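Survey of secondary and tertiary structure
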Amino acid sequence: MLNKRKFKITHQSAQGPVDYEVILTQMPAMQLERWLFRAGKLLLACGAFNEVLDGQDAMVQLGKVLKEDAPSFLSRLGGLDDEQAFALIQELTATAELDISGIRETLTEKVINYRLTLPELLRIQKEAFMVNFGFFFAAAPSSSPESPDSQAKDSRQSKPRISVRS
């Protein structure tokens, strides 16, 4: 089942505030893989990566570069092909819908230009990225069934108790 996330934004229109519910739906697995691979190739072309093996490799490299050398990485993004980058952003944004009084609208360029401000759009894109790729940033669960603390507590409890009687 695909992950979904809902949140509300209040848009300040000329007629007053309008509440939108934003519904984000995760892309299917193969679409996510293709998206990541295309993003990796685009970053490879602008010099951000040395090589890209697959979509997951692209995300791993992106995380590593951002942690180790974010300013240098961001300066290299100036070499991105604008049209290809915009196509990726559009595909990511298309995973969102606005629910306005029970009527759902997919986020096309026309809907965005009519209904949203730039800060609202950027928030939706950030949330869409996390719905689709947040699993890369989630802490991995421990492979052991018990944490070291619980094992240490158990070992202290199992020691025999010695009492001193007078």
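Below: a short report on this structure. (Residues numbered from 1 in each chain as written. Predicted model: local features only at pLDDT ≥ 70, side-chain atom pairs only at ≥ 80, totals over all residues. Heavy atoms only, no water.)

Side note on the pattern of salt bridges
Counted by the stated rule, this structure contains four salt bridges. Across the pair R5 and E127 runs a salt bridge, and its minimum N-O distance is 2.8 Å. Taken together, the residues span a long stretch of sequence, with R5 in strand 1 (residues 4-13) and E127 in helix 5 (residues 118-133) at a distance of 122 residues. Relative accessible area serves as the criterion here: at 31%, R5 is assigned to the partly exposed category. (Salt bridge = Lys/Arg side-chain N within 4 Å of Asp/Glu carboxyl O. Helix = DSSP H or I, 4+ residues; strand = E, 2+ residues; numbered from the N terminus. Buried < 20%, exposed > 50% of the residue type's maximum accessible area, 1.4 Å probe, protein only.)

Overview of the environment of W35
On the secondary structure map, W35 appears in helix 1 (residues 29-45). A residue is classified by how much of its surface remains accessible, and W35, at 8% relative accessible area, is buried. Residues W35 and E91, spaced 56 residues apart in sequence, show a C-alpha to C-alpha distance of 8.4 Å. Among residues more than four places away in sequence, those in contact with W35 are M27, L88, E91, L92, F129 and F133. (Contact = heavy atoms within 4.5 Å.)

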